[in-house]
Amino acid sequence: MKPAGTPGPPQINSRLVLQGILFVLITGIGWEDLPQELKFGSGMTCWRRLRDWQAAGAFEQIH
């Protein structure tokens, strides 16, 4: 999570972001087309978190 006092909006819950990532990967829609009303965060947020998790080896650890 983002430290208190850090500028910008609060960080989106990781579970919601993961749901957004899975929604994009399963449906095949573009990241920019992720519906905001689903509350998964923006497509860019999901894409960045996926990139960061991949770079950190999170999916290899889960597997």
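One can find the structure itself at the top, above this paragraph.
Calculation rules
- Residues numbered from 1 in each chain as written.
- Predicted model: local features only at pLDDT ≥ 70, side-chain atom pairs only at ≥ 80, totals over all residues.
- Heavy atoms only, no water.
- Helix = DSSP H or I, 4+ residues; strand = E, 2+ residues; numbered from the N terminus.
- Contact = heavy atoms within 4.5 Å.
- Salt bridge = Lys/Arg side-chain N within 4 Å of Asp/Glu carboxyl O.
- Buried < 20%, exposed > 50% of the residue type's maximum accessible area, 1.4 Å probe, protein only.

A. The arrangement of the overall build of the protein in detail. For the protein, the count of helices and strands is 3 helices and 0 strands. When the helices and strands of the protein are listed from N to C terminus, the series reads α-α-α. Principal-axis analysis of the C-alpha atoms places the extent of the protein at approximately 35 × 30 × 15 Å. Considering only contacts in the protein between residues 6 or more positions apart, those separated by 24 or more positions represent 35%.

B. The pattern of salt bridges, seen in detail. Per the counting criterion, the structure on display carries 1 salt bridge. Of the charged contacts in the structure, one is a salt bridge between Asp-52 and Arg-51, with a shortest N-O distance of 3.2 Å.

C. Structural view of unusual backbone geometry. Positive phi, normally seen in glycine, also occurs at Lys-39, with a value near 65 degrees. By the element assignment, Lys-39 lies in the loop between helix H1 (14-27) and helix H2 (43-56). Taking the relative accessible area as the measure of exposure, Lys-39 reaches 59% and is therefore exposed.

D. Structural context of the environment of Pro-9. With respect to the helices and strands, Pro-9 occurs in the segment before H1. The class for Pro-9 is exposed, based on a relative accessible area of 63%. The sequence separation of Pro-9 and Thr-45 amounts to 36 residues, and the corresponding C-alpha distance is 12 Å.

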